Amino acid sequence: MLFRAWRRPLSRLATVQHILNRRAGLSLHSIQRFQHTSPARVRFAPSPTGYLHLGGLRTALYNYLLAKKTNGSFILRIEDTDRTRLVEGATDKLISALSWAGVEADEGPRQGGPHSPYFQSQRTDIYRHHAQYLIDNGHAYRCFCTPDRLDDMRKEQSKRGRRIAYDRRCASLTNEQIEKNLAMDMPFTVRLKTPKGMTQIDDFLHGKVNFNNAILDDSVLMKSDGYPTYHLANVVDDYLMGITHVLRGDEWLPSTPKHVLLYRAFGWEAPQFIHLPLLLNKDGTKLSKRSGDVHVEQYIDKGYFPEAVANFVALLGWAPPNAEEEIFTMDELLEKFDLAGLNKSQAVVSLEKLDWINKQHLLKRAQTAQGLQSMVDYLVPVIRNRFTNSVPGGEASPRLEPTYIKNVLVTMKERIRNVMDIADMCPYFFVEPAYDTEQASALRKKLKPNAIAAVNKEETRRMLEALAPFDAEKINEFFQQIAADNNAKVNHVQMAMRYAMTGTNVGAAVNSTMALLGKSTCVDRLARSF
Ligand code: GLU
């Protein structure tokens, strides 16, 4: 054992339990769901190269849930040693997006912790020290090949149809040659000396997977710029930080045998690996930037609720104990989540499903005064920014009274999937409707002339003004009345009235809409519309 005799009896237990379950013929989804109960130390280890991806949020969430569930710790570690791919501000954005979704780290760049620093770029001495250990013990070697030499080698290999891999020229340098090169300050990388044979990994979802070491290449562990590569830094930190479970995307599965070789070389026990299935588009292609909204920030901007996005990503690769039940708050996820529900089949990202989940959370919020208030608080600045000074009817500022917005929400909640729909679909609640839009003209063409005539006359306006109380029921009676007086159909009258009040056919029932708008607004709009 090197540096620290660190043992993981707890993670061992988890593994043993899993194997026993499998031996007993229990599938992962059998009734006796596999529960990990001892404290797990887990980590999310993003490279700050851009925005937080939906898949990244899922990985972070599962790690977080496992940590909370087991009274363990969730660590955020920033893997920023590839200095060429760094994006300014990316770490802050990642942390904000995680925090928005309710995924807070116990240890990390913001909160610090016993293993500070949590930026790998600030831990280079540690990796250098470990690389030296590997060299000293024959598990790694210095490679002095120049980029040009490596380039020529690869070209040659590809010309001959050979596998592209380091040809190990520097693996057999004599001590003398090495000393000479070092004395000349020749830049070098440190490469893993991959042993011959096979490497087996034991993954919680994939089971035992064997890799032929011949395909592993002698990966670079330390670059000539003094920074480690992902493989070395990741393994060293996972060990030093006491990580018990590595939950990460399937794209890292091919790297895992290299990690296992490193654990062995150091004499350390590897953590439990759990590789999560890839996220796919509906057409079966890998979810990528090109497929539209893959960044969590895009969902934040579009008004999705954090609990809905968390709920949505939780279901991409995890099946709740009761398949019928799919809507969970973060607290409910904490209660239900367990490793046994993870599955290895690739998960299709359906935005319709996200919309549906968001709607369920919207209805949930609408059930409590606090939930309603949270939506009002969200909408007030949105409406202010959207509609101030952009008012077609010439009104100076949009209607922003919180009680009014709350009533709009209550009236519209069954018809929307996202709070933002209120601003997108129903501007007429806040500003005067525009009657000169394409949509308004199309609607006007559909109106029956006798209904327009019935609605657009002095007598009707007077009746509307006299209506009391100005509530949905009374307004309905008024529709019946003018339909009867003018020999028109009630639904034709309602349609003409909807046009006058909103300029669109989108919204709640016309009588409820009018009751919300209030009498004076309705009287004004009726006078102005036709
Ligand atoms: N830095 C890697 C990433 O960007 C971490 C992968 C892992 O979790 O091991 O995803």
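Keep in mind the model is a prediction, meaning the values are calculated, not measured.

(A) Structural detail: the site of the ligand. Taken together, the residues surrounding the ligand are Arg 43, Ala 45, Ser 47, Glu 79, Tyr 230, Asn 234, Arg 248 and Trp 252. The separation between an oxygen atom of the ligand and a polar side-chain atom of Arg 43 is 2.7 Å. Here Arg 248 contributes a side-chain N or O atom positioned 2.8 Å from an oxygen atom of the ligand. Here the ligand has 300 Å² of accessible area as a free molecule, and 84% of this is covered by the chains. Counting atoms within 2 Å of the grid points, the majority share of the ligand lands in the largest pocket. Considered class by class, the residues forming the shell around the ligand number three nonpolar, two polar and three charged.

(B) Highlighting the layout of surface pockets. In this model, the largest pocket occupies a volume close to 1,200 Å³. Contributions of two or more residues to the lining of the largest pocket are made by strand E1 (41-44), helix H2 (54-69), helix H7 (230-240) and strand E8 (245-249). With five residues, the single largest contributor to the lining of the largest pocket is H2. The class makeup of the residues in the lining of the largest pocket is 16 nonpolar, 15 polar and 11 charged.

(C) Geometry of the pairing of E1. Neither face of E1 is left uncovered, since the one carrying Arg 41 and Arg 43 and the one carrying Val 42 and Phe 44 both have all their residues buried. Bridge count between E1 and strand E2 (residues 73-76): four bridges; the pairing is parallel. Each residue of the ladder has a partner; that of Val 42, found in E2, is Phe 74.

(D) Spotlight on the UniProt feature "domain: Aminoacyl-tRNA synthetase class I anticodon-binding" (unreviewed entry) in the protein chain. As recorded in UniProt, the feature "domain: Aminoacyl-tRNA synthetase class I anticodon-binding" (unreviewed entry) lies at residues 398-528. Across residues 398-528 one finds 66% helix and 0% strand; the C-alpha atoms that close the span lie 18 Å apart.

(E) Looking closely at the sheet that holds strand E4 (residues 189-192). The strand order E3-E4-E7 describes an open sheet built from three strands, whose pairing is antiparallel. Because the sheet does not close on itself, it has two edges, and the strands there are strand E3 (140-143) and strand E7 (220-222). Between one strand axis and the next, the sheet turns by 40° as a mean value, whatever way the strands run.

Definitions and cut-offs
- Residues numbered from 1 in each chain as written.
- Predicted model: local features only at pLDDT ≥ 70, side-chain atom pairs only at ≥ 80, totals over all residues.
- Heavy atoms only, no water.
- Near = heavy atom within 4 Å.
- Polar contact = N/O pair within 3.5 Å; in protein donor to acceptor, adjacent residues only side chain to side chain.
- Areas by Shrake-Rupley, 256 points an atom, 1.4 Å probe, with all protein chains shown as cover.
- 1 Å grid on protein atoms, 1.4 Å probe; cavity = no way out; pocket = protein on both sides within 12 Å on 5 of 7 lines; lining within 4 Å.
- Sits in = over half its atoms within 2 Å of the grid points.
- Nonpolar A, V, L, I, M, F, W, Y, C, P; charged D, E, K, R; others polar.
- Points joined across faces, edges and corners; volume = space filled by probe spheres on them.
- Helix = DSSP H or I, 4+ residues; strand = E, 2+ residues; numbered from the N terminus.
- Buried < 20%, exposed > 50% of the residue type's maximum accessible area, 1.4 Å probe, protein only.
- Pairing = 2+ DSSP bridges.
- UniProt positions renumbered as here; feature names shortened; annotations may be inferred.
- Axes fitted to C-alpha atoms, helices over the stretch in contact; angles between N-to-C directions.

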